[in-house]
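One-letter residues, chain by chain:
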Amino acid sequence: MKTKASRVELIEVAQGRRPADLFIKGGTVINVYSGEFLQQNVAVYKDCIAYIGESEAAIGEETKVIHAEGKYVSPGFIEAHSHPWVLYNPISMTEKVLPLGTTTTVNDDLFFYLHMGAAGFKQMVQDLKLPGNFFWLVRLVSQADFPGEREWFNQEAIQDLLNLDEVLGSAEVTRWPLLYKGDPFLLDTMEVLREKGKVADGHTAGCSYEKLNSVVAAGVDACHEAITAKEAFDRLRLGMWTTLRNSSLRPDLPEIIKLITEGKVNTSRILMTTDGPHPGFIEKEGFVDGLVRQAVELGISPMQAIQMVTINAATYLRLDNYIGGLAPGRKADILLLPDLVNFRPDMVVAGGEIAAEKGVLQVELPTVDWNKYLVRKPFVFSKEVLDNANLYRYPHPSSDEPVPVAYFRSNVITQRKDMNLPSVDGYADLTNEEGLVQAALIDRNGRWVSKAILERFAVNLDGMASTYNTTTELLTVGTDPKAMAKAAKRVYEMGGGVAIVDGDDIVLEVPLPFTGMMTTNPSFDQAAEYHDKLLAAMQERGFPFHDILYTLLFLTCDFLPGLRLVPYGLYEVKTDEILLPAEQLDKLTSIQV
C-alpha cells in the first residue's frame, strides 16, 4: 500500500519543523491499540497521520484546524467482505457508505470478472480511483459451475490478478466441498496466496465442525457464514478469523453476538460484515456504522465494537501498518463521532482529505465508462427466439409421472417436492395449480435453456425476467409463457435487468446494463428506488419473503440446499444429480440461433 507522505516529511511534522495540513484539536482519540480513550490532538500531513499527542507544534499558518472538543476521534471503518454489485455499483456504493464512515471496502470481483475476463478486470482495477481505500478479493470459481468455467477461471489469469496491489487475496469459495475434497487448482492457489502474503476468504455455510477442519487445513483464513453462536465458536476455535454478519438476507447479529456477550471470548480475531446488503437495508440500517451501533445495543462495549471493524479487520487483511488505527505513519482515515451511540460521523477524513461532513459527500467521484472493460456481449442471439412459448414450458410427457418441484422454505432455501401435475401437449399444465410458476434459465449465448417449476415464489405472477442472478443468464419466471416472453424481450432490449409483465403490460422495468447486475447510474438513490419498487411489485404478486434480490441471486447457484436452476439443468444439490438436463435452444425453436 503506497502513501503520498514520505517518512522524512512525517518526522518533520511530528517534531514541529514542518506544518501539518490538517490538525484535529481537542477530541477524544479512540486508541484501538491500547483500548483507551485519550484527550489528544491529531496532526495530518498529505494522506498520513504524523503525530498524536498534546503538542500543537505542528500547527502552521496554512494548517486547517478542526476543533473536535466533545467529539470522539475514531479510525475509519473497514468492510472486509463487500459485494459492490447489489444493483449499486462501486461508485454509487462509495457515494453512500463513505459519508457513513466506511473508509475502506474489500470487494468481491465475481460479476466483474465473469463479464470482463482477467484483462478487462485488471484494467478497471487500475483505472478506478475512488476516495478512501477500495480493495478487491478475486474469485477462484463461480457460484454455479458452467461449461468452460475452469478455462475462464484459469490459474495463469488468477495469479496475475493476485500480483496487483489492489487485490488483497482470494474471495470466498462458496462451493466449499471443492476445498474439502482437495481440488488441485484451489490448493495450488492457496499455496500461491501464502507465498504472496495474501488472504483467503471463506464461505462454509452448513459445514460441520469435522469437515471445517479440512477446509481450514486447505488454507482458508476467514468465514462469515456462522448463523449461531456455536457455529461462530467452531470457526474461532479452529483459528479462523470469525466474521459476524448482519445483512439484509441474514440479520443474524443478535444471535451470533452471544459468542462475545455470553461466551466471553477474546475478540481480537473477530470482525463484522454487512455481506452485500440490498440498497433498502443500507438506507434503513446503515453500513458498517450500523454494525457498530447494533453491536453496542446488544451489549458489546463501544471500544470492542470499533476494534472489530478497524484494527481487527486491518490485521486480518495484513494492512495494520497502514489502516485500522490512529498512529503516526498510518493513513489518515479518521472519523469525528458526536457520540458512542449512533456512530454516524459528523466528519469523515479519507486519505487526509475531508471526504464528508454531516452525511454529505464533499469530494468528487470519477465518471467511468464501464462498457469499455466488458468482453461479453449482453445477448448473442436474435430477440425473436424469445417469442417461442415452448421455451418457458416445463416438459412433462405423462401425467402419471411426478414432477420435482422446488418449494421455497425460506428466502433462499428450497426443498424438493414431487407433485402429480396434468400434462398437456407434452408440457406441465399449471392452469389450476395455484402457487406454482414455471422458470426457465436461458443462456445469453443462445446454446441452452434449463427449466424448473417453483412453489411459494409468487402467486399471481404472469411473467418476469431477470439477469440479476448468480449466473447472469436470462432467468424467466411466471405462469403465462406470453408474459414471460414479453418480459424476457424487454430485458434483452435493456441489455440486462429485470422486467415484470401483467397480461400484455410491462409494469416494472429495472435496467441493469452493467453485467446484468448493476445500474450504471452513479447515484445510490437510483439503486435504492429500483430495489424498493421491485420488492413491492413482487410482494404484491405473492412473493412471501423480505429479500427478492437474494432469492433471484441464489436460485441459480449450485451450493445451497434443495433444487437449483443451473446451466446444466434442474439440479438437486444433496444428491448431486441433474433431474432435468438443459435443452439445446436450437431444438426448441425453428428460428436460427
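Just so it is clear, the model here is predicted, and its values are computed rather than measured. (Residues numbered from 1 in each chain as written. Predicted model: local features only at pLDDT ≥ 70, side-chain atom pairs only at ≥ 80, totals over all residues. Heavy atoms only, no water.)

## Observations concerning the pattern of salt bridges
Two side chains of opposite charge can pair, provided their charged atoms sit close to one another. Summed over the entire model, instances satisfying the criterion amount to 35 salt bridges. In this structure, Glu225 engages Arg245 in a salt bridge whose closest nitrogen and oxygen atoms are separated by 3.0 Å. Remark: Arg245 occurs in strand β12 (residues 241-245) and Glu225 occurs in the loop between β11 (222-223) and α9 (229-237); sequence separation between them is 20 residues. For the pair Glu225 and Arg245, a shared accessibility class is recorded, and that class is buried. The residue Asp275 makes a salt bridge to Arg245 at a minimum N-O spacing of 3.0 Å. Pair noted here: Asp275 is in the loop between β13 (270-273) and α12 (279-285) and Arg245 is in strand β12, with a separation of 30 residues, a long-range link. Accessibility assignment for this pair places Asp275 and Arg245 in one class, buried. Each member of the salt-bridge network shares a partner with another, and the members are Lys383, Arg490, Glu493 and Glu509. (Salt bridge = Lys/Arg side-chain N within 4 Å of Asp/Glu carboxyl O. Helix = DSSP H or I, 4+ residues; strand = E, 2+ residues; numbered from the N terminus. Buried < 20%, exposed > 50% of the residue type's maximum accessible area, 1.4 Å probe, protein only.)

## Re the packing of aromatic side chains
Per the counting criterion, the structure on display carries 19 aromatic pairs. Here Phe379 and Tyr492 contribute two aromatic rings whose centre-to-centre distance is 4.8 Å and whose plane-to-plane angle is 20 degrees, an arrangement assigned as stacked. Of the two residues, Phe379 is situated in the loop between β17 (360-361) and β18 (403-408) and Tyr492 in helix α16 (residues 481-494); the sequence distance between them amounts to 113 residues. Across from the ring centre of Trp241, 4.3 Å away, lies the NZ or CZ of Arg269, which sits over that ring. The aromatic ring of Phe379 is capped on one face by Arg444, whose charged end is 5.3 Å from the ring centroid. (Phe/Tyr/Trp six-rings, centres within 6.5 Å; stacked < 30°, edge-to-face > 60°. Lys NZ or Arg CZ within 6 Å of the ring centre and 35° of its normal.)

## Remarks on the nonpolar core
Membership of the largest hydrophobic core comes to 149 residues, with the highest contact counts inside it found for Leu244, Leu454, Phe457, Tyr468 and Met538. Looking at which element gives the most residues to this core, the answer is helix α3 (residues 110-127), with ten residues. Once residues within four sequence positions are removed from consideration, Leu454 is found in contact with Val405, Ala406, Phe408, Gly435, Leu436, Val437, Ala439, Val477 and Leu555. Membership of the second largest hydrophobic core comes to 23 residues, among which are Phe379, Ala440, Leu474 and Ala488. (Core = buried A, V, L, I, M, F, W, Y, C linked by side-chain atoms within 4.5 Å. Contact = heavy atoms within 4.5 Å.)

## Quick look at the UniProt feature "domain: Amidohydrolase-related" (unreviewed entry) in the chain
As annotated in UniProt, the feature "domain: Amidohydrolase-related" (unreviewed entry) corresponds to residues 72-353 in the numbering used here. When the span residues 72-353 is considered, its composition is 40% helix and 17% strand, and the gap between its end C-alpha atoms is 18 Å. (UniProt positions renumbered as here; feature names shortened; annotations may be inferred.)

## Digging into the sheet that holds β11
Read across the open sheet, the three strands follow the order β11-β12-β13; overall the sheet is parallel. Unpaired on one side and paired on the other, β11 and β13 mark the two borders of the sheet. Across four bridges, the pairing between β12 and β13 is parallel. Looking across to β13, one finds that Thr243 is bridged to Leu271. (Pairing = 2+ DSSP bridges.)

## A short note on the domain arrangement of the chain
Under the domain assignment used here, the chain contains domain 1 (1-74 + 325-350), domain 2 (77-322) and domain 3 (376-590). Of note, the centres of domain 2 and domain 3, computed from C-alpha atoms alone, are 29 Å apart. Across the boundary between the two partners, domain 2 contributes 34 residues, which contact 38 residues of domain 3. When the buried surface of domain 2 facing domain 3 is broken down by residue, Leu87, His115 and Leu249 rank first, second and third, together holding 26% of it. On the surface where domain 2 and domain 3 come into contact, there are one salt bridge. (Domains from an automatic or database assignment. Buried area = accessible area lost by both parts, 1.4 Å probe.)

## Considering the sheet that holds strand β29 (residues 569-572)
With antiparallel pairing, three strands are arranged side by side in an open sheet as β28-β29-β30. Two strands close off the open sheet at either side, each with one partner strand: β28 (563-566) and β30 (577-581). Averaged over neighbouring strand pairs, the angle between their axes works out to 30 degrees when direction is ignored. Sheet analysis places β28 next to β29, joined by four bridges and oriented antiparallel. What sits directly across from Leu565, in β29, is Leu570. (Axes fitted to C-alpha atoms, helices over the stretch in contact; angles between N-to-C directions.)

## As for the UniProt feature "domain: Adenine deaminase C-terminal" (unreviewed entry) in the chain
UniProt tags residues 412-575 as "domain: Adenine deaminase C-terminal" (unreviewed entry). The distance separating the terminal C-alpha atoms of residues 412-575 is 18 Å; by composition the span is 24% helix and 34% strand.

## Focus: unusual backbone geometry
One non-glycine residue, Lys264, lies in the positive phi region at around 55 degrees. Look at Lys358: it is not a glycine, yet its phi comes out positive at around 50 degrees. Relative to the helices and strands, Lys358 resides in the loop between β16 (353-357) and β17. In this structure Lys358 comes out as exposed when scored by relative accessible area, which is 63%.

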